[in-house]
Amino acid sequence: MTKKLYCGEVTDELIDQEVTINGWVHKRRDLGGMIFVDLRDREGVVQVVFDAEKNKESLQTAEDIRKEFVIEVTGKVVKRQPGAENDDLKTGQIEIEATAVNILSKSKNIPFEINDDRSVSEELRLKYRYLDLRRPKMNHNLKIRHQVKKVFRNYLDEHGFIDVETPFLTKSTPEGARDYLVPSRVHNGKFFALPQSPQLFKQLLMSSGVDRYYQIVRCFRDEDLRGDRQPEFTQVDIETSFLNDQEIQDLIEKLLKRLVKEVKGLEITEDFPRLSYQEAMDRFGSDKPDIRFGLELQDVGDIVKDSSFKVFTSVLEKGGAVKGINAKGGADTFTRKQIDKLQDVTAVYGAKGLAWVKVTEDGLSGPIAKFFEDGALKEALLSKMEAEAGDLLLFVADELKVVYDALGALRLHLGKELDLIDENELAFLWVVDWPLLEYDEEQDKYMAAHHPFTMPIKEDIDKLETNPQDITATAYDIVLNGYEIGGGSIRIHERDLQMRMLKALGFSEEEANEQFGFLLEALDYGFPPHGGIAFGLDRIVMILAGEANIREVIAFPKNKNAKDPLTDAPSNVFDLQLDELGLSITEKEKKE
Ligand code: ASP
């Protein structure tokens, strides 16, 4: 068969030609003796006319046609009557005069209109996802996703990367999130885990000499869901041998520039900015800052420590921090009530209060203004906050983590509220120099900030046994518009160092061998220096498609409760299936 002609492709160029097209009936208007049908497929809509004077038989069939019937139409492409054109449509200058029509499939009344303008509950959309995907916007999102994957594949192929598949049924290893487990029938009582990422396999492929690996691969993490999380998500997973972190980042930066050029037509010529983790936290209160706007955090601890405002001074005495944001011009925009509402934003992160002052022509105003009226103190504060009359200054005083999180969230909130974000901008940046380990209070031990296979910087290796919290990792994240879209690192490629790292994470030698013996052994057999990165494909597509959650760019996602309303998974299984797996379900769980 030659190339298919889609409804959306029937334009003026085909005038006077006979065409045959298939599609779904989008709209139907019966004018008596004449019926107009808008026929839709993935490429758009075209108008078909059934006219008693031209073809009686077709008109009779058209009388039975209803919305969402699938039909085949043959007819002549003609110019529309003057005045009947629709300049918004690619096919708006023409219509098809039907000479034959075939009903290929009928449709019941559909649960919602196939229309981008109607708001339909997400639950209903997911239950009838196949109908939802008929909508032009969803159809467009699927195409963007395809295009993004194509750019990744083409670029990586051109740069010598080989696509290798790695197993889905694998061993449960602690990588940070909870595993999805798969019980084994053949080995009752034992479990596979679905991979949280192909991390260890891609490293092993470097030992095999693959040298440059990639895979567009599904990963599974049993986490509580948020807007940009799903139990199964897709990574573009990459690993290389013999390149240092800077070389990997250069390669990736070119790839991302190519991506936005091909998908969005945007040319980014400058290098992506690079911030250390610490600088990102200090300036933006976030390790994935949205740098499309300012409103940076200012540390005013040194200034307010001399004030008589006890709330600030007592926090500082306890080793906490006081930082603020200048909501430029916010003095008039925000009423007292609205400022109280801002407290809700910071309270989520544990901030006990949000202190504020307004800067006016006559000085400071607001409930705590009196503590800062003193000349030198006021001057220092205003200068640090780069404040002038009309500004609203907002402060959080608390332990450092709370200050970062609360002000980081407040900054994003204000950026939207004050309309400071250019939705068309794509602002990439690298966040580098991450801490290698984080102390987990609850578990009373160190956890890998990235994963346990990340190489510390050379100068810090010997701190593994003495002060693990001070080690910098050779890790890097790539951030776009406030989303972490990818992260990677140089890996450890020596057995001794890997063992030291695992010990720093609290593994005994025996436990390390039990969990990671296969990796440790592989490190004994000529393992090249290596490093890589993985991208969250769903997030990238979400941003490029201008969507706010990844479910909009996944054909068949789970809902917010990690369920699939379409198939009703997860669901019960037969007792026989459980018996074969050597599993039983408690009465309590059965009832739920
Ligand atoms: N496997 C890592 C992750 O999924 C990425 C990497 O280090 O390449 O976050």
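Residues numbered from 1 in each chain as written. Predicted model: local features only at pLDDT ≥ 70, side-chain atom pairs only at ≥ 80, totals over all residues. Heavy atoms only, no water.

Trainee: Tell me about the side chain of Asp41, and please be specific about residues and values.
Mentor: Position of Asp41 among the secondary structure elements: in strand 2 (residues 34-41). It turns out Asp41 is buried and unbridged, and the closest side chain with the opposite charge, Lys4, is 5.3 Å from it. Looking at Asp41, its side chain comes within polar contact range of the main-chain nitrogen of Cys7, at 2.6 Å. Of the polar contacts made by the side chain of Asp41, one reaches the backbone nitrogen of Glu43; its length is 3.0 Å. Not counting residues up to four positions away in its chain, the partners in contact with Asp41 are Tyr6, Cys7, Gly8, Asn22 and Trp24. (Helix = DSSP H or I, 4+ residues; strand = E, 2+ residues; numbered from the N terminus. Buried < 20%, exposed > 50% of the residue type's maximum accessible area, 1.4 Å probe, protein only. Lys, Arg positive; Asp, Glu negative; His and termini not counted. Salt bridge = Lys/Arg side-chain N within 4 Å of Asp/Glu carboxyl O. Polar contact = N/O pair within 3.5 Å; in protein donor to acceptor, adjacent residues only side chain to side chain. Contact = heavy atoms within 4.5 Å.)

Trainee: Let's hear about the packing of aromatic side chains: which residues, and what values?
Mentor: Scanning the model with the defined rule gives 14 aromatic pairs in all. Between Phe453 and Phe516 the ring centres are 5.5 Å apart and the planes differ by 75°, which places this aromatic pair in the edge-to-face class. Placement of Phe453 in the loop between strand 19 (445-448) and strand 20 (475-480) and of Phe516 in helix 15 (residues 509-522) is noted, with a sequence separation of 63 residues between them. Joined through ring pairs, the aromatic side chains of Phe309, Phe312, Phe371, Phe372 and Phe395 make up one cluster. Between Arg411 and the ring centre of Phe293, over which it is positioned, the NZ or CZ distance is 4.0 Å. (Phe/Tyr/Trp six-rings, centres within 6.5 Å; stacked < 30°, edge-to-face > 60°. Lys NZ or Arg CZ within 6 Å of the ring centre and 35° of its normal.)

Trainee: Which residues make up the site of the ligand, and what values go with them?
Mentor: What surrounds the ligand is the set Ser197, Gln199, Lys202, Arg221, Gln235, His450, His451, Gly487, Gly488, Arg491, Ile533 and Ala534. Within the contact set of the ligand, an oxygen atom lies 2.6 Å away from a side-chain nitrogen or oxygen of Lys202. Here an oxygen atom of the ligand sits 3.0 Å away from a polar atom, N or O, in the side chain of Arg221. Protein contact buries 88% of the 270 Å² of open area that the ligand shows by itself. (Near = heavy atom within 4 Å. Areas by Shrake-Rupley, 256 points an atom, 1.4 Å probe, with all protein chains shown as cover.)

Trainee: Requested: an account of the pairing of strand 10 (residues 232-241), with residues and values cited.
Mentor: By the criterion of burial, strand 10 is predominantly enclosed, with 9 of the 10 residues buried. As paired strands, strand 9 (residues 212-220) and strand 10 are joined by 9 bridges and run antiparallel to one another. Among the inter-strand pairings, Ile216 is bridged to a residue of strand 10, identified as Val236. Across 7 bridges, the pairing between strand 10 and strand 22 (residues 530-536) is antiparallel. Looking at the pairing, Val236 lines up with Phe535 of strand 22. (Pairing = 2+ DSSP bridges.)

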